[in-house]
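# Structural overview for review
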Amino acid sequence: MIQKNIRELVQYGLLTGLIEEEDRIYTANRLLELFELDELDEDNESVEVTADDMERILKEMLDYAYEKGILSENGVVYRDLFDTKIMSMLVPRPSEVIRKFQDKYEKDPKLATDYFYQLSQDTDYIRRYRIKKDQKWISSTKYGDLDITINLSKPEKDPKAIAAAKNAKQSGYPKCLLCMENEGYAGRINHPARQNHRVIPVTINGSRWGFQYSPYVYYNEHCIVFNSSHIPMKIEHDTFCKLFDFVKQFPHYFVGSNADLPIVGGSILSHDHFQGGCYEFAMAKALVERSFTVKGFEDVEAGIVNWPMSVIRISHQDTDRLVALADVILEKWRGYSDEAVFIYAETDGEPHNTITPIARRRGDKFELDLVLRNNITTEEHPLGVYHPHANLHHIKKENIGLIEVMGLAVLPARLKEEMEHLAAAILSGADIRQDEELEKHADWVEQFLPKYEDVNRDNIMEILHHEIGHVFMQVLEDAGVYKRDEEGQKAFDRFTGSL
């Protein structure tokens, strides 16, 4: 079987364009070496494969490697490290990928990103067969259609791998998952393999950055743009300049930055980076509900967006004007307090106010959305006042980063089974409070269930999906510094009036 698998994988490489006909023998010999074989059987029978066969081919190769002792452990972490090594035999060198990207970019930036996105999938850096497992649906709300995802593409580590990672020698190389040094790295038990990973160098605002795709693809062409140096996130004048520089180079993409403070920032604050892609989120579709004018910037369109979080949108043909106004708003917000609505710029010298910015092209104009954030905590809300409150933690407890801000919920994998079990419990009339796994959902169910006259096997999951979407809407409202009631919106107007 391994002989056939090698021929199949070589054929897959030819099919996807990862290798060319002249590379056939060379690639087969590299795979023979990897599997500690001396020769390829003479078999004139041709093999036919499709792109979907890759998962099966790799599984059979991994099973063989474990049986022969080439793969020491059979858990998912070890298998992922080894199948990345297998795929590295087919992946072009960085210089070749960069050259092809740049050739296509000269014709059309979209041609270049299409090529690179396809390559990132064909090399198995983006594991398509896992991404397909994610549960996704749309939830209609008063703010528009929110995207909901239960993330199932990150495999659960087995206990052996967890124990091994705990005991493994700690390494500072690469410094984090976003560093340039990940490209081609073999990985280890506590760091993923990246031999099939390629980075496109880009110059952003005069500095060297890298462009890649997220291996988890939460939305279409989910890309990451990262500083070539391992320096922390910071929202400042240069951030706005860099965002617009990227959008000018890739006008079919939006790009945004996580905030630069804990709780309201992303998961990696230690490395300066942005996220972008070819997707229109609900927040981008949301309209400005109130316009305002800033003195000295009468030529710049500015307004408050109809969104659960507190968003200022500014628009102009000249990005220099947008950057200048963004500087004014950021500087004002950093030091702004309004005790009447529990907004404090700092407490005991610790700063709380920051911004999550998102830039995009809109016709012949540029837009910049500035989402006001605050990370203050209290005894009642130890994880953050402007963070999902405790009554919503049964669905979403994690930080609200850039992706959630724009209207896409990335929910934990546990919810898949919990919702299946909850549906069964509701239909059978079971006492949810007596179920250790489901008890945390009891208050929620008691709140929404009376709204539905007929709950049956055909509609129960649709109901649960709709109600999860409603919870995510509340999550975003909790994260909004200015609440959507009259008092909150008057306070928002006080801030914009102070600019």
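Conventions adopted
Within each chain, residue numbers correspond to sequence positions counted from 1 in written order. This being a predicted model, a pLDDT of at least 70 is required before a residue's local features are given, and a value of 80 or more before pairs of side-chain atoms are given or counted; all residues contribute to the totals for chains, interfaces and linings. The side-chain quantities take in all heavy atoms of the structure and omit both hydrogens and water. Only DSSP runs of H or I with at least four residues qualify as helices, and only runs of E with at least two residues qualify as strands; both kinds are numbered from the N terminus onward. Here the radius of gyration uses the C-alpha set of atoms, whereas the globule reference equals 2.2 Å times the residue count to the power 0.38. A simple rule labels every residue: compare its accessible area, found with a 1.4 Å probe on the protein chains alone, to the largest value its type can have, and call it buried under 20%, exposed over 50%, or partly exposed in between. Cavity and pocket criteria rest on a 1 Å grid covering protein atoms alone: a 1.4 Å probe that fits but cannot get out defines a cavity, protein on both sides within 12 Å along at least 5 of 7 lines defines an open pocket, and an atom within 4 Å of a point defines a lining residue. Grid points are joined across faces, edges and corners, and a volume is the space filled by probe spheres set on the points. When residues are grouped by polarity, Ala, Val, Leu, Ile, Met, Phe, Trp, Tyr, Cys and Pro land in nonpolar, Asp, Glu, Lys and Arg in charged, and all others, Gly among them, in polar. A fitted line through C-alpha atoms serves as each axis, taken over the contacting stretch for helices, and the angle formed by two N-to-C directions is quoted from 0 to 180°. Should an angle fall under 35 degrees it is called roughly parallel, over 145 degrees roughly antiparallel, and 65 to 115 degrees roughly perpendicular, with every other angle called oblique. By definition, residues are in contact when any of their heavy atoms lie within 4.5 Å. Counted as salt bridges are all cases of a side-chain nitrogen of Lys or Arg within 4 Å of a carboxyl oxygen of Asp or Glu. Each patch is built from residues that are more than 30% exposed by relative accessible area and take part in no salt bridge. Like charges join if they lie within 9 Å; nonpolar side chains (Val, Leu, Ile, Met, Phe, Trp, Tyr) join within 5 Å. The accessible surface values rely on the Shrake-Rupley method and a 1.4 Å probe; as for residues, cover is taken only from the protein chains in view. In summary, the charge assignment counts Lys and Arg as positive and Asp and Glu as negative, without counting His or the chain termini. Lysine's charge is taken at NZ, arginine's at CZ, aspartate's at CG and glutamate's at CD. Here the aromatic set is Phe, Tyr and Trp, taking the six-membered ring for Trp, and pairing holds for ring centres within 6.5 Å; pairs whose planes are under 30 degrees apart are stacked, those over 60 apart are edge-to-face, and all others are tilted. Any two strands are treated as partners once DSSP identifies two or more bridges connecting them. In protein, a polar contact requires one atom able to donate a hydrogen and another able to accept it; more generally it is a pair of N or O atoms within 3.5 Å, and residues adjacent in sequence count only if both atoms are side-chain atoms.

Each helix and strand counted, the protein chain has 16 helices and 15 strands in total. Over its C-alpha trace the protein chain gives a radius of gyration of 25 Å, about what one expects of a compact globule, namely 23 Å for 499 residues. Each principal axis of the C-alpha distribution contributes one length, and for the protein chain these read about 80 × 60 × 45 Å. For the protein chain, the residues scored as buried account for 55% of the 499 residues in total.

To locate leftover empty space, one rolls a probe as large as a water molecule over the atoms. The space that makes up the second largest pocket amounts to roughly 370 Å³. Considering the residues around the second largest pocket, the lining is formed by 18 residues, among which Y26, R30, V91, P92 and R93 are closest to the centre. Along the lines of polarity and charge, the residues of the lining of the second largest pocket split into eight nonpolar, three polar and seven charged.

The N-to-C vectors of helix α5 (residues 94-107) and helix α6 (residues 109-122) enclose an angle of 150 degrees; their axes lie 5 Å apart at closest approach. Judged by the inter-axis angle, α5 sits roughly antiparallel to α6. Contact residues: α5 offers V97, K100, F101, K104, Y105 and K107, while α6 offers P109, L111, A112, T113, Y115, F116 and L119.

Now for the pattern of salt bridges. Tallied over the full model, the rule gives 38 salt bridges. Here R128 ties to D122 by a salt bridge, and the two come within 3.2 Å at their closest N and O atoms. The pair R128 / D122 is uniform in exposure class, with both members buried. R127 is paired through a salt bridge with D124; the nearest N and O atoms lie 3.6 Å apart. Classification of R127 by relative accessible area gives buried; the value is 11%. Here D124 falls in the buried class, since its relative accessible area comes to 2%. Salt bridges linked by common partners bring E280, R313, R360, R362, E367 and D369 together as one network.

Together, D38, E39, D41 and E42 make up a region of like negative charge exposed at the surface. Locating D38 in the fold gives a position in the loop between α2 (24-34) and α3 (54-67).

The way to describe two aromatic rings as a pair is by their centre distance and the angle between their planes. Within the structure shown, the criterion is met by 33 aromatic pairs. Geometrically, the ring pair formed by W333 and F495 is edge-to-face, given 5.2 Å between the ring centres and 80 degrees between the ring planes. With a gap of 162 residues between them, W333 in helix α11 (residues 319-334) and F495 in helix α16 (residues 486-497) connect regions that are remote in the sequence. Considering the side-chain rings of F342 and Y344, the 5.1 Å spacing of their centres and the 80 degrees angle between planes classify their relative orientation as edge-to-face. Accessibility expressed as a relative area gives 33% for F342, which makes it partly exposed. In this structure an aromatic cluster arises from ring pairing among F101, Y105, F116, Y117, F211, Y213, F246, F250 and Y253.

A few words on the sheet that holds strand β1 (residues 135-141). With mixed pairing, the three strands of this open sheet are ordered in space as β1-β2-β15. The strands lining the two open edges of the sheet, one partner per strand, are β1 and β15 (408-411). In this sheet, neighbouring strand axes are inclined to one another by 20 degrees on average, regardless of whether the strands run parallel or antiparallel. Relative to β15, strand β2 (residues 144-150) is paired through four bridges, and the arrangement is parallel. Of the residues in β15, the one forming a bridge with T149 is V410.

Before going further, it helps to spend a moment on unusual backbone geometry. Here the amide bond leading from Y173 into P174 is cis, since omega sits at -15 degrees, within 30 degrees of zero. Unusually for a residue other than glycine, D124 sits at a positive phi of about 75 degrees. Tracing the chain through its elements places D124 in the loop between α6 and α7 (128-131). For V217, which is not a glycine, the phi torsion comes out positive at approximately 40 degrees. Among the structural elements, V217 can be located in the loop between β4 (207-213) and β5 (223-227).

Moving on to the environment of I460. Of note, I460 is situated in helix α15 (residues 460-479). On a C-alpha basis, the gap between I460 and G13 in space is 44 Å, while along the polypeptide they are 447 residues apart. Beyond its immediate chain neighbours, meaning those up to four positions away, I460 contacts A423, I426, L427 and V455.

Relative to the assigned elements, N190 resides in the loop between α8 (159-167) and β3 (200-204). Between the alpha carbons of N190 and S171 there is a distance of 9.3 Å; along the sequence they are 19 residues apart. For N190, the side chain forms a polar contact with the side chain of R188, separated by 2.8 Å.

The subject of this paragraph is the side chain of D272. Here D272 lies in the loop between β6 (254-256) and β7 (273-277). Exposure remark for D272: the relative accessible area of 7% places this residue in the buried category. Contacts of D272, omitting those with residues within four sequence positions, involve W209, F226, N227, I231, P232, M233, K234 and K242.

In terms of burial, strand β13 (residues 353-362) is a largely internal element, eight of the ten residues being buried. Note: β6 against β13, two bridges, orientation antiparallel. Bridging across to β13, V255 finds its partner in A359. Bridging between β13 and strand β14 (residues 365-374) involves ten bridges; their strand directions are antiparallel. Residue pairing in the sheet places R362 in a bridge with K365 of β14. Between β13 and β14, which pair antiparallel and follow one another directly, the connecting turn spans two residues, one of which, G363, has a positive phi of 65 degrees.

This paragraph deals with the sheet that holds β3. The ten strands lie next to each other as β3-β4-β5-β7-β6-β13-β14-β10-β9-β8, forming an open sheet whose pairing is antiparallel. The sheet is open, and its two edges are formed by β3 and β8 (288-291), each paired on a single side. Each adjacent strand pair in this sheet contributes to an overall mean axis angle of 25 degrees, direction not counted. Packing of α6 onto the sheet brings it into contact with β3 and β4, and relative to β4 it is tilted by some 55 degrees. Across the face of the sheet, helix α9 (residues 237-249) comes into contact with β3, β4, β5, β6, β7, β13 and β14 while running at roughly 20 degrees to β13.

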